[in-house]
Number of protein chains: 2
Amino acid sequence: MLGISDKDQHVLNVGELLAQHDIAPTQQRRQIAQILFAQPQHLSADQVLERVNQNGTVASKATVYNTLGLFARKGLIREVIVDPSKVFYDSNTSAHHHFYNIDTGLLQDIENQELNLQGLPTLPAGVELDSIDIIVRVRTAE
Amino acid sequence: MLGISDKDQHVLNVGELLAQHDIAPTQQRRQIAQILFAQPQHLSADQVLERVNQNGTVASKATVYNTLGLFARKGLIREVIVDPSKVFYDSNTSAHHHFYNIDTGLLQDIENQELNLQGLPTLPAGVELDSIDIIVRVRTAE
DNA sequence: CTGCTTGCAAAGGCTTTGCAGAACA
DNA sequence: TGTTCTGCAAAGCCTTTGCAAGCAG
C-alpha cells in the first residue's frame, strides 16, 4: 500500500456527495465538507471554523454552524453529544460508538465488533427509534 | 405492601445520606437532596431551582448549580448528558440506561435487564473506565 | 476565631437569530 | 429577477465565577 497523503485524500468528490443529499453545493459547503470528509474524525464547530479559514477566510462562524446543522439533518454527518458545552461532528456515520476521555476531551471510535448490544429494549409506546449512542467514559489512569 | 405516598417518601433521612458521602449538611443541601431523592427522577438544574424555591426562597441559582455539581462528584447523583444545552441529574445511580425523546425532551430509564452489553471493549492504553452511558434516542411516531 | 457556604451580579462559552447584501440559476 | 445563501453583530441560554456577607463549629 503506497502512502496516500492527507492532501491527496482531500481530492474527493464532494460535489457529488452534496448532490446526493439534496444540498446546494456552495463554495462554503464544499470547503466544509472537504474538511470533514478528508478522513474519519471528530471535530467541534470551532475546530471546523478554524480549519476552514486556515488559508484565508472562507466561511463565517454563522455559516459553519448553519452548515454543520444542515449536514447533520441531511445525514452526512452525526452529532456526538458527550459534553454539555460542546458538540462534536463525526464524519463516520456507520454504526459505531465512542470512548470519551473526560480529562483530555479526546473522542475515539470503538470498533463495532468490540461492543454488541444484546437486543433492543422495548420502546415506550408511541415512539420510534432514532439512534443509539453508547459513550464509554474513561479517564487518564493515575 | 400498603401504599406509601409521595409525601411520606419525602421524610427520608437526608442528613445521613449526606454524612455518608462526606458532605456538610447545610439547609440548602438538605432541601435539594430532599427533592432529588423523593423519587427516582430526572431533573435539570433549572427544575431543581424552581422546586426548591416553590414555597419561599431556599437556595440561589449559584447554590443549586454548586450543589448539583458537588452531589455528582460525590456520587449521590448522576449527570446525564443528552442534549448539548441541558444536563439532567438522575437520582438513580444504579446501573441503567436511558431513552431520550428528541421531540419532547422526555428522559426515561431503561430497565437494565432489557439491555445488556456484550463484553467491555478494550480500553485505549493509559486510561481507566469511568462509566458507560447508553442513550436510545427516540422520536414521537408519526 | 477560622474555614466553609451562600448569593448576587457579572462574566463566560457556545450557539442561534435578524436582517441586509451577495451569489447563483 | 427571484430565491437561496452568507455574514456580521447582537442576542440568548445555560453555567461558572468573584467576592463580600453569613453561618457553623
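Definitions and cut-offs
Residues numbered from 1 in each chain as written. Chains lettered and ligands numbered in written order. Predicted model: local features only at pLDDT ≥ 70, side-chain atom pairs only at ≥ 80, totals over all residues. Heavy atoms only, no water. Pairing = 2+ DSSP bridges. Helix = DSSP H or I, 4+ residues; strand = E, 2+ residues; numbered from the N terminus. Axes fitted to C-alpha atoms, helices over the stretch in contact; angles between N-to-C directions. Least-squares fit on C-alpha atoms with pLDDT ≥ 70 in both. Contact = heavy atoms within 4.5 Å. Buried area = accessible area lost by both parts, 1.4 Å probe. Salt bridge = Lys/Arg side-chain N within 4 Å of Asp/Glu carboxyl O. Polar contact = N/O pair within 3.5 Å; in protein donor to acceptor, adjacent residues only side chain to side chain. Nonpolar A, V, L, I, M, F, W, Y, C, P; charged D, E, K, R; others polar. Near = heavy atom within 4 Å. Buried < 20%, exposed > 50% of the residue type's maximum accessible area, 1.4 Å probe, protein only. Arc of directions from axis to C-beta. Parallel < 35°, antiparallel > 145°, perpendicular 65-115°, else oblique. Left-handed = near helix turned anticlockwise from the far one by under 90°.

Residues and elements named next belong to chain B. Reading across the sheet, the 3 strands line up as β1-β3-β2 and stay open at both edges, with antiparallel pairing between neighbours. Both edges of this open sheet fall to β1 (42-44) and β2 (78-83), since each of them pairs with a single strand only. Along the sheet, successive strands turn relative to each other by an average axial angle of 35°, direction set aside. The pairing of β2 with strand β3 (residues 86-90) spans 5 bridges and is antiparallel. Residue pairing for β3: Glu79 is matched across the bridge by Tyr89.

For the pair chain B and chain A, the superposition axis carries a translation of 0.0 Å, the fit reaches an RMSD of 0.1 Å, and the rotation angle comes to 180°. This pairing of chains is accounted for by a two-fold axis. In this assembly, 100% of the residues forming the interface of chain B have copies in chain A that are likewise at the interface, indicating an isologous arrangement.

Moving on: the interface of chain B and chain A. Taken together, the contact between chain B and chain A spans 38 residues of the former and 38 residues of the latter. Across the interface of chain B and chain A, roughly 3500 Å² is buried in total on both sides, 55% from carbon and sulfur atoms. Summed over the shared surface of chain B and chain A, the result is 6 salt bridges. Where chain B meets chain A, there are 16 residue pairs in polar contact (both at pLDDT 80 or more). Of the residues forming the side of chain B that touches chain A, the biggest block, 14 residues, is contributed by strand β7 (residues 127-140) of chain B. Split by residue class, the side of chain B that touches chain A holds 21 nonpolar, 9 polar and 8 charged. As paired elements, strand β6 (residues 116-118) of chain A and strand β6 (residues 116-118) of chain B share 3 bridges and run antiparallel to each other. For Gln118(A), the partnering residue across the bridge sits in β6(B) and is Asn116(B).

Glancing now at the protein's contact with DNA strand D. Taken together, 17 residues lie around DNA strand D, and Thr26(A), Ser60(A), Thr63(A), Tyr65(B) and Ser85(B) are the ones closest in. Among the atoms of DNA strand D lying within 4 Å of the protein, the sugar-phosphate backbone contributes 80%. Within the side chain of Thr63(A), an N or O atom sits 2.8 Å from a phosphate oxygen of DNA strand D. Within the contact set of DNA strand D, a phosphate oxygen lies 2.7 Å away from a side-chain nitrogen or oxygen of Tyr65(B).

Turning our eyes to something else, we now look at helix α4 (residues 45-52) of chain A. Residues and elements named next belong to chain A. Among all positions of α4, only Ala45, Val48, Leu49 and Val52 are buried. One face of α4 carries all of its buried residues, which in axial projection span an arc of 100°. In this structure, the buried residues of α4 make contact with α3 (27-37), β1 (42-44), α5 (61-74) and β3 (86-90).

Time to look at the protein's contact with DNA strand C. As a matter of local geometry, DNA strand C sits amid 17 residues, with Tyr65(A), Thr26(B), Arg29(B), Ser60(B) and Thr63(B) nearest to it. Among atoms of DNA strand C positioned within 4 Å of the protein, sugar and phosphate together represent 81%. A distance of 2.7 Å is found between a phosphate oxygen of DNA strand C and a side-chain nitrogen or oxygen belonging to Thr26(B). In the environment of DNA strand C, a phosphate oxygen lies 2.9 Å from a nitrogen or oxygen atom belonging to the side chain of Arg29(B).

This part is about the packing of α4(A) against α5(A). All names here are of chain A. α5 packs onto α4 with a crossing angle of 125° between their chain directions and a minimal axis gap of 10 Å. Between α4 and α5, the angle is such that the two are oblique. Here α4 and α5 pass one another in a crossing that is right-handed. Residues Ala45, Val48, Leu49 and Val52 of α4 form the contact with α5, whose participating residues are Lys61, Val64, Tyr65 and Leu68.

Within this structure, the stated rule accounts for 8 salt bridges over all chains. Its salt-bridge partner being Asp133(B), residue Arg78(B) comes within 3.5 Å of it at the nearest N-O pair. Taken together, the residues span a long stretch of sequence, with Arg78(B) in strand β2 and Asp133(B) in strand β7 at a distance of 55 residues. Of the residues examined, Asp133(B) reaches a relative accessible area of 8% and is grouped as buried. Within this structure, Arg78(A), Asp133(A) and Arg137(B) form a network of salt bridges that share partners.

Residue and element names in this part refer to chain A. Relative to the helices and strands, Gln41 is located in the loop between α3 and β1. Residue Gln41 is classed as buried on the basis of its relative accessible area, which comes to 11%. Side-chain polar atoms of Gln41 contact the backbone oxygen of Ile35, separated by 2.7 Å. One polar contact links the side chain of Gln41 to the main-chain carbonyl oxygen of Leu36, over a distance of 3.4 Å. Among all residues touching Gln41, those that are not within four sequence positions of it are Ile35, Leu36, Arg51, Tyr89, Asp90 and Ser91.

Interpretation note: all reported values are geometric properties and have no functional meaning in isolation.
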